[in-house]
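Inside the fold
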Amino acid sequence: MFGLRQKRATRDRQYGLVFQWRLPVSSTMSFLGAITLVALISAGLAASVRVRVGSGGPRHPEHRASLIVVPPGAEWRALKTMAMEAGPFPVREDPSQDPAVLALVQQGMTAASGTGYRYQPRYQPVAVALPDPAKEAAAKVSPGVLPALPELERPVVPAMPTAGLAPLVLAANGISARVPEGPPAGVAQGGRYLLEYDAEGRVTRVSTVSSPPEAVAAADATEAWLRRVTIEGGDKAGGWTAVEISGRP
């Protein structure tokens, strides 16, 4: 700044330095001149080089056409035929729809198919035996209806002896019921009960699941008898089991 660097370079040469290791700094005018030169070159390139942005494909020539409206008639059909003949799918006559061709085909079919035997069915009388209403009324037979079924007799259930009855446990896990005495009078076979027992196997509660009609009168005696039953092989903490009054094996 203010020629200080130039003074130092001159002093170095006076001291006998061989190499000029202090490079002089260019002046401001040189810097501005360089900027101006670069700007002029850029402006010249921008003015001379044109860049086209877009699809750089070839330009197609302009095509023009005219629309002519022809009313339906003979001229319209002629123009339509000419246009279709000039296209890839020209018009061809269909002989199957030509009246003359159809007439020739029909004439040939008539000549080829001569008169032959024609089947004509005839009715043949068949004798059918119809039922006589008078005879059916005399025999009291109703056609189409089956006779009434005979009335069934109610089965008689014999009284089962109570000496051989005992509660049978309805389980397959080794539980059994031990009865200290025989059943009371009125206990019927087939009744099912749900027993609750404690840890010692004593029955604490009896619930009736199903009971025969003849055992209704002795329901209280049956429950009292089941309370004296001892459950063996049950859970250690007690539980529930189902039994059925059955004959001893």
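Details of the structure are given in the entry above.
Residues numbered from 1 in each chain as written. Predicted model: local features only at pLDDT ≥ 70, side-chain atom pairs only at ≥ 80, totals over all residues. Heavy atoms only, no water.

On a plain count of helices and strands, the chain comes out with six helices and six strands. Counting helices and strands in the order they occur from the N terminus, the chain gives α-α-α-α-α-β-β-β-β-α-β-β. Looking at the chain as a whole, 13% of its 249 residues are labelled buried. Total accessible area on the chain stands at roughly 21800 Å², and carbon and sulfur atoms take up 61% of it. (Helix = DSSP H or I, 4+ residues; strand = E, 2+ residues; numbered from the N terminus. Buried < 20%, exposed > 50% of the residue type's maximum accessible area, 1.4 Å probe, protein only. Areas by Shrake-Rupley, 256 points an atom, 1.4 Å probe, with all protein chains shown as cover.)

Taken in spatial order, the four strands of this open sheet run β1-β6-β3-β4, and their pairing is antiparallel. One side of each edge strand has no neighbouring strand; the edge strands of this open sheet are β1 (165-169) and β4 (203-210). On average, each strand axis in the sheet is tilted by 35° relative to the strand beside it, whichever way the strands run. Taken together, the six bridges between strand β3 (residues 192-197) and β4 define a ladder with antiparallel strand orientation. Bridge assignment links Y197 to a residue of β4, and that residue is V203. Seen against the sheet, helix α6 (residues 219-227) touches β1, β3, β4 and β6 (239-247) and runs at an angle of roughly 135° to β4. (Pairing = 2+ DSSP bridges. Axes fitted to C-alpha atoms, helices over the stretch in contact; angles between N-to-C directions. Contact = heavy atoms within 4.5 Å.)

With that out of the way, let us pick up the environment of E244. In this fold, E244 is placed in strand β6. With near-sequence residues (within four places) excluded, E244 lies in contact with A166, P167, L168, L170, G190, G191 and R192.

Okay, the pattern of salt bridges next. Across all of its chains, the model carries four salt bridges by this definition. For E200, the salt bridge identified is with R202, shortest N-O distance 3.1 Å. Given the relative accessible area of 58%, E200 is considered exposed. Its relative accessible area of 47% is what places R202 among the partly exposed residues. Residues joined in a network through salt bridges with shared partners are D198, E200 and R202. (Salt bridge = Lys/Arg side-chain N within 4 Å of Asp/Glu carboxyl O.)

Before going further, it helps to spend a moment on the nonpolar core. Counting 16 residues, the largest nonpolar core has Y193, L195, L226, I231 and I245 as its most contacted members. Elements with a contribution of two residues or more to this core: β1, β3, β4, α6 and β6. Counting residues per element, this core draws most heavily on β3, at three residues. Apart from residues no more than four positions distant in its own chain, L195 is found in contact with V203, R205, V206, L226, I231, G239, W240, T241 and V243. (Core = buried A, V, L, I, M, F, W, Y, C linked by side-chain atoms within 4.5 Å.)

On to a nonpolar patch on the surface. Together, M29, F31, L32 and I35 line one region of the surface with nonpolar side chains, adding up to about 450 Å² of accessible area. Inspection of the secondary structure assignment puts F31 in helix α2 (residues 28-48). The exposure class assigned to F31 is exposed, which follows from its relative accessible area of 52%. (Patch = residues over 30% accessible without salt bridge, like charges linked within 9 Å, V, L, I, M, F, W, Y side chains within 5 Å.)

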